[in-house]
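Geometric and topological summary
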Amino acid sequence: MSFVSSIVNGLKAWNPLKVPVRFRYHSEKIAKGPTIRRYGFDDNILQKGPLPKVDPSYKKLPMPEYRPKDAWSTKRALFGQNDYIDILGNDKLHPTKTLYNLPSWVRGVSGNEFQMLIRKKKIFHHRAYPINRPTKWNELNKRIIYLYKFMNRHTRTGFSKQ
Amino acid sequence: MLCSNLLKSNLKQLSNCLKSYSNVAAVEGQKHYLKPRQVWIENLDTIDEKKLGLIDLHPDVFAANPRIDIIHQNVRWQSLYRYVSFAHTKVRSEVRGGGRKPWPQKGMGKSRHSSIRSPMWRGGGIIHGPRSPTSHFYMLPFYTRVLGLTSTLSVKLAQDDLHIVKNLDIPTEESSFMQELVKSRNWGPSVLFVDEVDIMPRNITVATDEIKHMNLMPAYSLNVHSMLKYDTLVMTEAAVNRVISKLLEALNRNDGNAAMEKFKLDQV
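Residues numbered from 1 in each chain as written. Chains lettered and ligands numbered in written order. Predicted model: local features only at pLDDT ≥ 70, side-chain atom pairs only at ≥ 80, totals over all residues. Heavy atoms only, no water.

Going by an unreviewed UniProt entry, chain B carries the name Large ribosomal subunit protein uL4m and comes from Nicrophorus vespilloides. In its Sequence similarities (unreviewed entry) section, the UniProt entry covering chain B states "Belongs to the universal ribosomal protein uL4 family." (UniProt positions renumbered as here; feature names shortened; annotations may be inferred.)

The name given to chain A in an unreviewed UniProt entry is Large ribosomal subunit protein mL51, with the source organism recorded as Nicrophorus vespilloides. Comment text from UniProt for chain A, heading Sequence similarities (unreviewed entry), reads "Belongs to the mitochondrion-specific ribosomal protein mL51 family." The UniProt entry for chain A carries the following comment under Subcellular location (unreviewed entry): "Mitochondrion".

Have a look at this one:
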């Protein structure tokens, strides 16, 4: 009974001539502009406009002076000079034989560090290197032992050639 | 008929060089389907150019299909095969010190360490750093290099960057003569002069000595990188004939299989 009377009271309060409305026309809402959200929030990051002027006494970050390389120095102008000497000159002279400025065990060979060290040891073990440079020789041997263990026990060795 | 005229100048040299490749002259004479490329022979005596004659260039050398990828491979090979990196870092066993255990294993409240040169430490060894000397050597197959040369020569001819002169004789030692000559003939700022042998006439040697971007080379020094670096290639008649005969020798050799075997250092 009580809920029926409350409904009737509600119905009596509802007046169809007084309706809550946010805007009469949508264009009025648009004309007002966007609704302000987060009122009072101050965005410190510059989104537009010119950059602020910095005090010249501020230290600039260091950058090295640009020095262009001389493209026509003798080395660069004559680069690759005799690389085709076995085709255009003497058949017997291979370009690997002209690598005068390289260490002797490096001429015309390539390989990983282990292979290069083994080659170096093979070439120098009966010469003066172990006597003249004992520390370096010891380091070479230690490195070979370490690399043997690392390459053969901790990395893939590829297919066997048997 | 065209080709017999074409090879008159080259056949003599060819037959001299190719005693074991006697089939080359016979084969080259049969190639009626290839037209030789004709080029003017110019002079270097005066600033204005004079045409002194015509020369036939063998199409296998100067009319090859320009393979840009092969040219790239050749340039890359030239840059890398001699390059050795000497960058080096010390490993923990090589860094000075670090043999003693810095503090006992337990009881200190510090983390446990066995050496002050382990890679975790400041000033410690580098684990997988560069190790000198690291060589980047490799060899291109023989015929790839030959094809690189023929492609580049063909490109130079096709792009009007190749000029053939009688010889490298110039009247004065002045470098200004060379500058004016090159400028008036629109030969491009950088010029590479190629002669047959490495002993050049005195005047041109002195004139080009001061100019960094004009250089002299013998025929055996010709290479893909230099031909691309210099805008203009100026070859003497003798140099051109030498280069053609050498490249034809390379293209027509009997023992190509031997040349294409894997490169072995001890067998070179």
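Brief notes about helix α10 (residues 237-251) of chain B
In a regular helix each residue adds 1.5 Å, so 15 residues correspond to 21 Å; α10 of chain B covers 21 Å between its end C-alpha atoms and thus fits that length. The element α10 of chain B is largely enclosed, with a buried count of 11 among its 15 residues. (Helix = DSSP H or I, 4+ residues; strand = E, 2+ residues; numbered from the N terminus. Expected span 1.5 Å × (residues − 1). Buried < 20%, exposed > 50% of the residue type's maximum accessible area, 1.4 Å probe, protein only.)

Considerations on the packing of helix α6 (residues 142-158) of chain B against α10 of chain B
Residues and elements named next belong to chain B. Look at α6 against α10: their axes get within 10 Å of each other, and the N-to-C directions meet at 145°. Along this stretch, α6 crosses α10, giving a crossing that reads as left-handed. For the pair α6 and α10, contact is made by Phe142, Tyr143, Val146, Leu149, Thr150 and Leu153 and by Val243, Leu247, Ala250 and Leu251, respectively. Split by residue class, the contact of α6 with α10 holds nine nonpolar, one polar and no charged. (Axes fitted to C-alpha atoms, helices over the stretch in contact; angles between N-to-C directions. Left-handed = near helix turned anticlockwise from the far one by under 90°. Contact = heavy atoms within 4.5 Å. Nonpolar A, V, L, I, M, F, W, Y, C, P; charged D, E, K, R; others polar.)

Looking at the packing of aromatic side chains
Counted by the stated rule, this structure contains 11 aromatic pairs over all chains. With a centroid separation of 6.0 Å and an interplanar angle of 15°, the aromatic rings of Tyr146 of chain A and Phe150 of chain A are classed as stacked. A residue pair is termed a helical-turn pair when its members lie 3 or 4 positions apart in one helix, as Tyr146 of chain A and Phe150 of chain A do in helix α7 (residues 134-153) at four residues. The class of Tyr146 of chain A is partly exposed, set by a relative accessible area of 41%. The class of Phe150 of chain A is partly exposed, set by a relative accessible area of 24%. Following the ring pairs from residue to residue traces out a cluster consisting of Tyr84 of chain A together with Trp77, Tyr81, Phe137 and Phe263 of chain B. Between the NZ or CZ atom of Arg24 of chain A and the centre of the ring of Tyr25 of chain A, over which it lies, the distance is 4.9 Å. (Phe/Tyr/Trp six-rings, centres within 6.5 Å; stacked < 30°, edge-to-face > 60°. Lys NZ or Arg CZ within 6 Å of the ring centre and 35° of its normal.)

Concerning the nonpolar core
Residue and element names in this part refer to chain B. Residues Leu57, Leu153, Leu222, Leu233, Met235 and Leu247 are the most contacted members of the largest nonpolar core, which totals 57 residues. With seven residues, α10 is the largest single contributor of residues to this core. If near-sequence neighbours (up to four positions away) are discounted, Met235 is found in contact with Leu162, His163, Ile164, Val165, Val194, Leu222, Val240 and Val243. (Core = buried A, V, L, I, M, F, W, Y, C linked by side-chain atoms within 4.5 Å.)

Topic: the confidence of the model for chain B
Close inspection of predicted coordinates is inappropriate in any region flagged by low pLDDT. Residue and element names in this part refer to chain B. Taken over all residues, the pLDDT of chain B has a mean of 90, while the share at 70 or more is 89%. When the criterion is pLDDT under 50, residues 15-22 qualifies, and its contacts beyond four places in sequence or with other chains add up to eight contacts. Model confidence for the complex: the whole-complex pTM is 0.78, and ipTM, which rates the interface, is 0.84. (pLDDT = per-residue confidence, 0-100.)

Some words on the sheet that holds strand β5 (residues 162-165) of chain B
All names here are of chain B. Strands sit in the order β2-β1-β5-β8-β6-β7 across an open sheet of six strands; the sheet is mixed. Strands at the two margins of the open sheet, each flanked by one partner only, are β2 (51-57) and β7 (214-218). In this sheet, neighbouring strand axes are inclined to one another by 30° on average, regardless of whether the strands run parallel or antiparallel. By the bridge criterion, six bridges tie strand β1 (residues 37-42) to β2 in an arrangement that is antiparallel. When the bridges of β2 are listed, Val39 appears paired with Ile55. Most of the contacts of α10 go to strand β8 (residues 232-236), to which it runs at about 95°, and overall it touches β1, β2, β5, β6 (191-195) and β8. (Pairing = 2+ DSSP bridges.)

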